[in-house]
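So the chains spell out like this:
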Amino acid sequence: MLDAVIIGAGPAGAGAAFDLAAGGRRVLLVDRKKFPREKACAGGITPRAFSLFRFDLTGFVLRKCRTLKIRPPRGRSFRLKSPAPLCYMTRRRDLDLLALNKAVEKGAIFRGVKKIQSIKRFPNHVEVLADGRRIRALYLIGADGANSLVRRICGFDFRIMKNPALEAEIPVDRPKDHEMEFDFSMPGKGYYWVFPRDDHLNIGIYSALPGKGVKLQLLSDYASIRFPEAKINSFKGYPIGTGGYCRRPGQGRVLLAGDAAGLAEPCFGEGIYFALKSGQAAARAILDCGPIKTPGTLYNQYMKIIRRDLMLYSLGKIFLYRFPSVFFKFLSFPLIQQRFARGYARGDSLMKILTHP
Ligand SMILES: Cc1cc2nc3c(=O)[nH]c(=O)nc-3n(C[C@H](O)[C@H](O)[C@H](O)COP(=O)(O)OP(=O)(O)OC[C@H]3O[C@@H](n4cnc5c(N)ncnc54)[C@H](O)[C@@H]3O)c2cc1C
């Protein structure tokens, strides 16, 4: 019998597998994709996410951005600036392969699966039937993204919100001439981003309206307005799981982590930090549990602070997208800009940024 089986080898699953294997547990990580695999994601790693990785990412950083240009719906653009990086640009294909390899080096086993057929819970273990083979483990972590099968099969009594996001690449001659940008000036609830990388720009759109799709045409129209000479390619899209702040992601022997539990923040769609943080918290709950406290109970306790921060982001989302003029007026004060830039660069939680000078 395994100690844990983890479904999904994104940041949440690989992060949990690493810590469980490092803690001496027998852990199997399964994913329906062969790695390296493409994943719809801009690969922007905030400093707080960067510092959570248990291994060095330096060689995988394509660019460090110290400035974020913000284009508000009305009025002039402004910049958040910091001497320390505000964001590290990476490629998810490479980052996820690295994280998986590191978990395997620690002792986790990885297996590709075509289909999860069933998941059964027993008093003392869980059983996953995948491709006709039975996997028995003491605990299960569902880290299978926003469309989580584990969440649906295991009867978690909540739905999450799914915010669509699309990304694409634009090769440019001098990516260094471009800044990291969040652009709120286009119609619709959401924003466009421009992330400069090593030899191209990653551009994308995040919709703050869950459940509704985003048309590819919107992104290509945006590209032709902003970068009329350039050729846009490699469109990818996927929903981002949000809204899980008010839910308990642990139930007995089954724990949901990352987007599967709706743990991305809903203002801008940052999910890697919360996926990794929750995956690590799930692993810790399994390592710490005993006869009195189940991992589910412990996990829900460990997640309280993260969920509180996510609740603040949910309030921020209402503020940002319902009352954009008030939001950007607030952000137009240099002192507020400094506070956010400094807090983000330090990797602070939103609570800390708002409450500590
Ligand atoms: C276009 C776009 C841009 C984004 N940009 C950023 C960004 O710049 N910064 C940031 O922080 N966040 C960003 N995000 C959000 C971020 O990608 C997610 O929040 C993050 O990947 C969640 O990690 P996860 O481990 O929970 O799930 P995922 O990364 O989605 O991993 C889930 C894994 O589970 C596997 N899986 C799914 N179903 C099954 C199944 N049935 N059986 C087996 N395996 C399964 C999948 O193959 C996948 O490998 C972006 C998202 C999108 C869509």
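Residues numbered from 1 in each chain as written. Predicted model: local features only at pLDDT ≥ 70, side-chain atom pairs only at ≥ 80, totals over all residues. Heavy atoms only, no water.

1. A word on the nonpolar core
Ranked by size, the top nonpolar core spans 110 residues in total, and within it Ile-6, Val-128, Leu-140, Ile-141 and Tyr-299 carry the most contacts. Ranked by the residues each element gives to this core, the list is headed by helix H6 (residues 272–288), at 10 residues. Each of domain 1 (1–39 + 92–160 + 243–322) and domain 2 (162–240) contributes no fewer than three residues to this core. Setting aside chain neighbours within four positions, we find Ile-141 in contact with Val-5, Ile-6, Ile-7, Ala-16, Leu-20, Leu-255, Ala-257, Ala-282, Ala-283 and Ile-286. Judged by nonpolar contacts, the second largest core, of 14 residues, contains Leu-166, Ile-170, Tyr-192 and Leu-201. (Core = buried A, V, L, I, M, F, W, Y, C linked by side-chain atoms within 4.5 Å. Buried < 20%, exposed > 50% of the residue type's maximum accessible area, 1.4 Å probe, protein only. Helix = DSSP H or I, 4+ residues; strand = E, 2+ residues; numbered from the N terminus. Domains from an automatic or database assignment. Contact = heavy atoms within 4.5 Å.)

2. What about the environment of Pro-72?
Within the element layout of this structure, Pro-72 appears in the loop between strand S5 (67–71) and strand S6 (78–81). Since its relative accessible area comes to 7%, Pro-72 is described here as buried. Spatially, the C-alpha atoms of Pro-72 and Leu-331 are 9.8 Å apart, while their sequence positions differ by 259 residues. Ignoring anything within four residues of it in the chain, the contact list for Pro-72 reads Ser-77, Phe-78, Phe-184, Ser-185 and Phe-328.

3. Observations regarding the site of the ligand
The immediate surroundings of the ligand are formed by 36 residues, with Asp-31, Arg-37, Gly-44, Arg-92 and Asp-259 found nearest. Ala-12 has a polar backbone atom sitting 3.0 Å from an oxygen atom of the ligand. Taking Gly-271, its main chain carries an N or O atom lying 3.1 Å from a nitrogen atom of the ligand. When residues of the shell around the ligand are traced back to their parent elements, those giving at least two are helix H1 (11–22), strand S12 (161–171), strand S14 (190–196), strand S16 (233–242) and H6. With three residues, S12 is the largest single contributor of residues to the shell around the ligand. Of the residues in the shell around the ligand, the class split is 18 nonpolar, eight polar and 10 charged. When residues of the shell around the ligand are assigned to domains, at least three map to each of domain 1 (1–39 + 92–160 + 243–322) and domain 2 (162–240). (Near = heavy atom within 4 Å. Polar contact = N/O pair within 3.5 Å; in protein donor to acceptor, adjacent residues only side chain to side chain. Nonpolar A, V, L, I, M, F, W, Y, C, P; charged D, E, K, R; others polar.)

4. Description of the domain arrangement of the protein chain
It is common to give the size of an interface as the accessible area lost on bringing the parts into contact. The assigned domain composition of the protein chain is domain 1 (1–39 + 92–160 + 243–322) and domain 2 (162–240). For domain 1 and domain 2, the distance between their C-alpha centres works out to 28 Å. Each partner contributes to the interface: domain 1 provides 17 residues, whereas domain 2 provides 15 residues. Three residues, Asn-147, Phe-268 and Tyr-321, lead the burial of domain 1 against domain 2; their summed loss comes to 40% of the area buried on that side. (Buried area = accessible area lost by both parts, 1.4 Å probe.)

5. Side note on the pattern of salt bridges
Inspection of every chain in the model, using the stated rule, returns 23 salt bridges. The shortest N-O distance in the salt bridge between Arg-37 and Asp-96 comes to 2.8 Å. Here Arg-37, found in the loop between strand S2 (27–31) and strand S3 (44–45), pairs with Asp-96, found in helix H3 (residues 92–106); they are 59 residues apart in sequence, far enough to count as distant. Asp-96 sits in the buried class, given a relative accessible area of 3%. Among the ionic pairs, Arg-226 bridges to Glu-181, the shortest N-O distance being 2.9 Å. Here Glu-181 lies in strand S13 (residues 180–183) and Arg-226 lies in helix H5 (residues 216–226), a separation of 45 residues in the sequence. With relative accessibility at 21%, the residue Arg-226 sits in the partly exposed group. Salt bridges sharing partners connect three or more residues here, namely Glu-38, Arg-93, Asp-94, Glu-167 and Lys-236. (Salt bridge = Lys/Arg side-chain N within 4 Å of Asp/Glu carboxyl O.)

6. As for the sheet that holds strand S7 (residues 87–89)
Pairing within the open sheet is antiparallel, and its three strands lie in the order S3-S7-S4. Of all strands in the sheet, those with a lone pairing partner are S3 and strand S4 (63–65), marking the two edges. As judged from the three bridges shared by S4 and S7, these two strands associate in the antiparallel manner. From the neighbouring strand, Lys-64 faces S7, where its bridge partner is Tyr-88. (Pairing = 2+ DSSP bridges.)

7. Observations regarding the sheet that holds S16
One open sheet holds the seven strands; their spatial order is S6-S5-S13-S14-S15-S12-S16, and the pairing between them is mixed. Of all the strands in the sheet, the pair left with one neighbour each is S6 and S16. In this sheet, adjacent strand axes meet at a mean angle of 20 degrees when their direction is disregarded. (Axes fitted to C-alpha atoms, helices over the stretch in contact; angles between N-to-C directions.)

8. As for the side chain of Asp-31
The topology assignment puts Asp-31 in strand S2. As a buried residue without a salt bridge, Asp-31 has its nearest oppositely charged side chain in Arg-37, at a separation of 5.0 Å. Among the polar contacts made by the side chain of Asp-31, one reaches the main-chain amide nitrogen of Ala-9 at a distance of 2.7 Å. Once residues within four sequence positions are removed from consideration, Asp-31 is found in contact with Gly-8, Ala-9, Gly-10, Phe-110, Arg-111, Gly-112 and Val-113. (Lys, Arg positive; Asp, Glu negative; His and termini not counted.)

9. Here we look at a nonpolar patch on the surface
A cluster of nonpolar residues, Leu-315, Ile-318, Phe-319, Phe-323, Val-326 and Phe-330, forms a patch on the protein surface that exposes about 500 Å² of accessible area. At the level of elements, helix H8 (304–322) and helix H9 (324–331) are the ones that each hand at least two residues to the nonpolar patch. Relative to the helices and strands, Val-326 resides in helix H9. When its relative accessible area of 44% is taken as the criterion, Val-326 is described as partly exposed. (Patch = residues over 30% accessible without salt bridge, like charges linked within 9 Å, V, L, I, M, F, W, Y side chains within 5 Å. Areas by Shrake-Rupley, 256 points an atom, 1.4 Å probe, with all protein chains shown as cover.)

10. Things to note about unusual backbone geometry
Omega for the bond connecting Phe-35 with Pro-36 falls within 30 degrees of zero, at 0 degrees, which places this linkage in the cis form. Within the fold, Pro-36 resides in the loop between S2 and S3. Of note, the phi angle at Asp-131 is positive, near 50 degrees, even though the residue is not glycine. With respect to the helices and strands, the residue Asp-131 is situated in the loop between strand S10 (126–130) and strand S11 (133–142). The partly exposed category is assigned to Asp-131, whose relative accessible area is 36%. One non-glycine residue, Ser-234, adopts positive backbone phi at about 55 degrees. Along the chain, Ser-234 turns up in strand S16.

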